[in-house]
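Survey of secondary and tertiary structure
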Amino acid sequence: MTGFELQRRRLALGMSVEELAEVLNRHREEVEGWERIEGNLSGATARELDWALALAEHEKAFVDAGIPPCPWVTEHEKAVNFKDPKAVTAYLEGLDAHASDCEHCQKRRAFAETLPPLPKMPLPPYVGLVGNVKEKIDRLPSWLQPAAWGAVGIGALTVVRGVVMVGLRRVAITPQLLLGLLGAILVGAYMGAVGGLAYSVAKKPAARLGRFRPYALGLACAYAYLVAFGVPDAIIDQGSMLRSWSGWVIFGLVGTVFGLVVGQSLFKEGEA
Ligand SMILES: [Zn+2]
């Protein structure tokens, strides 16, 4: 996103610089500064802006189409403390029960499906939460720590995405959706743990490889994923490609390419 594009989207929304700054919780001088940038804005700034503008564009689309917000949601949303997970869960449950027979909500949901999808939400730094988790993980043996960080990180990311999806898009929560979310959280945590464990194991031997080190780490992670997902897949799925040796050769080749790409992009720039 360039500064000009930012200004064009802001004006199309009929928003003043002050209003956009308030939505972003930034100073107006910052927003003005971004709009003067001729080239691309930095990645983090662009993601933050894209998210805020996309939400406002969605809201404007509803207003332009003459679809009012649901009075029940407007009223109840004000009372929710979004920092309290229990309150959010209770609200979402109430929303589920409400939305299934509310004509406002049904109408909004049908209309939302015709709009372009929202970009990924930029994650705010949950400093307090991470601090608490860090204490617990620090007590684990050091070889387990990357796995725990991976599991917590990717698991938490999935939770946040799920809450955002359900909360902001105002989709009703069905038992299927909850099951899907739970599955996604478990798979996410499993993936994080596998990657972290592979990294722990490969870290020391890879350190001796000089400039091939990032690629060795990437390959270790890719092969760990291959085994972690391939073996259960071969056992559960009768039609799995991984029931034959040729399947493993193909997957091994794909894994090698993937590992080299991951090594280049993830580990080459320092892995803090
Ligand atoms: Zn409603």
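Scroll up a little and you will see the structure.
Residues numbered from 1 in each chain as written. Predicted model: local features only at pLDDT ≥ 70, side-chain atom pairs only at ≥ 80, totals over all residues. Heavy atoms only, no water.

**Observations regarding the overall build of the protein chain**
Counted only if it meets this: Going along the chain from the N terminus, every DSSP run of H or I of four or more residues is numbered as a helix, and every run of E of two or more is numbered as a strand. The buried label goes to any residue with under 20% of its type's maximum accessible area, the exposed label to any with over 50%, and the partly exposed label to all in between, with areas taken from a 1.4 Å probe on protein chains only. Note on definitions: a residue-residue contact is assigned when non-hydrogen atoms from the two residues lie within 4.5 Å. Residue exposure ignores everything except the shown protein chains as possible cover, and the areas themselves are Shrake-Rupley values with a 1.4 Å probe.
For the protein chain, the count of helices and strands is 12 helices and zero strands. Ordered by position from N to C terminus, the α and β elements of the protein chain give α-α-α-α-α-α-α-α-α-α-α-α. Here the protein chain holds 272 residues, and the buried ones make up 32% of them. Long-range contacts, defined as pairs at least 24 residues apart, comprise 67% of the intrachain contacts of the protein chain with a sequence gap of at least 6. With an accessible surface of roughly 17100 Å², the protein chain has 65% of that area assigned to carbon and sulfur atoms.

**Details of the coordination of the zinc ion**
Six octahedral donors around a metal ideally make angles of 90 or 180 degrees; four tetrahedral donors ideally make 109.5 degrees. Cut-off, in case you're wondering: In this analysis a donor is any N, O or S atom within 2.8 Å of a metal ion (3.2 Å for sodium, potassium and calcium), and since water is not included, sites may seem incomplete. Between 85 and 135 degrees for all angles marks four donors as tetrahedral; over 155 degrees for opposite donors together with 65 to 115 for all other angles marks four donors as square planar and six as octahedral; every other arrangement is irregular.
Protein coordination of the zinc ion is provided by C70 (SG), H98 (NE2), C102 (SG) and C105 (SG), with donor distances spanning 2.0 to 2.3 Å. Between the four donor atoms coordinating the zinc ion, the angles at the centre fall across 104 to 116°, so the site counts as tetrahedral.

**What to know about the packing of aromatic side chains**
By convention here, two paired aromatic rings are described through the distance between centres and the angle between planes. Rule in force here: Aromatic pairing here means that ring centres of Phe, Tyr or Trp (its six-membered ring) are within 6.5 Å. Orientation follows from the plane angle: under 30 degrees is stacked, over 60 is edge-to-face, and everything else is tilted. Comment: the charge-over-ring label is applied if NZ (Lys) or CZ (Arg) is within 6 Å of the ring centre and within 35 degrees of the ring normal.
Counted according to the given criterion, the structure contains one aromatic pair. Judged by centre distance (5.1 Å) and plane angle (65°), the rings of F62 and F111 are edge-to-face. Of this pair, F62 sits in helix α4 (residues 43-64) while F111 is found in helix α7 (residues 103-112), placing the two residues 49 residues apart along the sequence. For F111, a relative accessible area of 19% gives the class buried. Taking NZ or CZ as reference, R108 lies 4.0 Å from the ring centre of F62, over its face.

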